[in-house]
Amino acid sequence: MISINVSDVRASSEWAQRHLGFTEAMAAEGFASLTHPEAGFHIALLAVGLETFKPASAAGQVDGLLIAFEVDDMEQRYARLQDEGVTVVTPLEVEPWGERYFQVADPSGVIYQFVDWVEAPPADAISQQV
């Protein structure tokens, strides 16, 4: 399970259900547990600042985290999410080592990345770009 502190549990949960195909397995005030048959893990969404959160120093908004999924329908997924009005924070691009990806953000700012792989360029092409 990945546990993420978010500013709006309900909005993030509904967003993940609508756009990513997660289902809500459990929910309470300030909490939602999401599952997906292909993800291999659950996502727990916790309200920022919950008094019961331990350690209290980690109860703030998530920052610097992204959740990545390897997919086999990159173009279709990218087009669908754009059509649904999802905020694209990094458009579709290819890294020198052959990783192709794009990133979207949920209403609380959680970044989701979708990845697939293209044939990597020769090693000398990568070293020239570094």
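Everything that follows concerns the structure shown earlier in this document.
Each chain carries its own residue numbering, running from 1 in the written order of its sequence. Selection of residues for local features in this predicted model requires a pLDDT of at least 70, selection of side-chain atom pairs for listing and counting requires 80 or more, and totals for whole chains, interfaces and linings are taken over all residues. The side-chain numbers reported here are obtained from all heavy atoms of the structure, hydrogens and water having been left aside.

Student: What am I meant to see in the sheet that holds strand β7 (residues 99-105) here?
Tutor: Think of a sheet as strands paired side by side through backbone hydrogen bonds, with each pair either parallel or antiparallel. At least two DSSP bridges between two strands are required for those strands to pair. The numbering of helices and of strands both runs from the N terminus, where a helix is a DSSP run of H or I of at least 4 residues and a strand a run of E of at least 2. In space, the 4 strands of this open sheet follow the order β5-β8-β7-β6, with mixed pairing throughout. Each of the sheet's edge strands pairs with one partner strand only, and the pair in question is β5 (66-70) and β6 (87-94). When the angles between neighbouring strand axes are averaged without regard to direction, this sheet yields 15°. Judged from the 5 bridges that link them, β6 and β7 form a sheet pairing that is antiparallel. The residue of β7 that forms the bridge with T90 is Q103. Whether two residues are in contact is decided by their heavy atoms: any pair within 4.5 Å suffices. Axis lines are fitted through C-alpha atoms, for helices just across the contact stretch, and the angle between N-to-C directions can take any value from 0 to 180 degrees. Lying on the sheet, helix α1 (residues 9-20) is in contact with β7 and β8 (111-117); it crosses β8 at an angle near 25°. Strands β6, β7 and β8 of the sheet are contacted by helix α2 (residues 74-83), whose axis makes an angle of about 20° with β7.

Student: Whenever I open this one, the side chain of D116 confuses me. Can you help?
Tutor: For D116, the position within the fold is in strand β8. For D116, a relative accessible area of 10% corresponds to the buried category. For D116, the side chain forms a polar contact with the side chain of R100, separated by 2.4 Å. Not counting residues up to four positions away in its chain, the partners in contact with D116 are V71, M74, G98, E99 and R100. Residue exposure (1.4 Å probe, protein chains only): buried if accessible area is under 20% of the type maximum, exposed if over 50%, otherwise partly exposed. Polar contacts, as used here, are pairs of N or O atoms within 3.5 Å; protein pairs need one atom able to donate a hydrogen and one able to accept it. Residues neighboring in sequence count only if both atoms are side-chain atoms.

Student: Would you explain the pattern of salt bridges in this entry?
Tutor: Once the charged atoms of two side chains with opposite charge are near each other, the side chains can pair. Note on definitions: salt bridges are taken to be side-chain nitrogens of Lys or Arg within 4 Å of carboxyl oxygens of Asp or Glu. Scanning the model with the defined rule gives 5 salt bridges in all. In this structure, D116 engages R100 in a salt bridge whose closest nitrogen and oxygen atoms are separated by 2.4 Å. Of this pair, D116 sits in strand β8 while R100 sits in strand β7, and the two are 16 residues apart along the sequence.

Student: Even after reading the chapter, I still don't get the environment of V104, so can you show me in this structure?
Tutor: Relative to the helices and strands, V104 resides in strand β7. Counting along the chain gives 31 residues from V104 to D73, while the straight-line C-alpha distance between them is 16 Å. Leave out the neighbours within four places in its chain, and V104 touches W15, L81, V86, T87, V88, V89, V110, I111, Y112 and F114.

Student: So what exactly am I meant to see when it comes to the sheet that holds strand β3 (residues 31-35) here?
Tutor: The sheet built from 4 strands is open, its strands ordered β1-β4-β3-β2 with mixed pairing. Both edges of this open sheet fall to β1 (2-6) and β2 (23-28), since each of them pairs with a single strand only. Adjacent strand axes in the sheet meet at a mean angle of 20° when their direction is disregarded. Taken together, the 5 bridges between β1 and strand β4 (residues 43-47) define a ladder with parallel strand orientation. If you follow V6 over to β4, its bridge partner there is A47. Packing against the sheet, α1 makes contact with β1, β2, β3 and β4, and its axis sits at approximately 10° to β3.

Take it as geometry only, folks, not as evidence of what the structure does.
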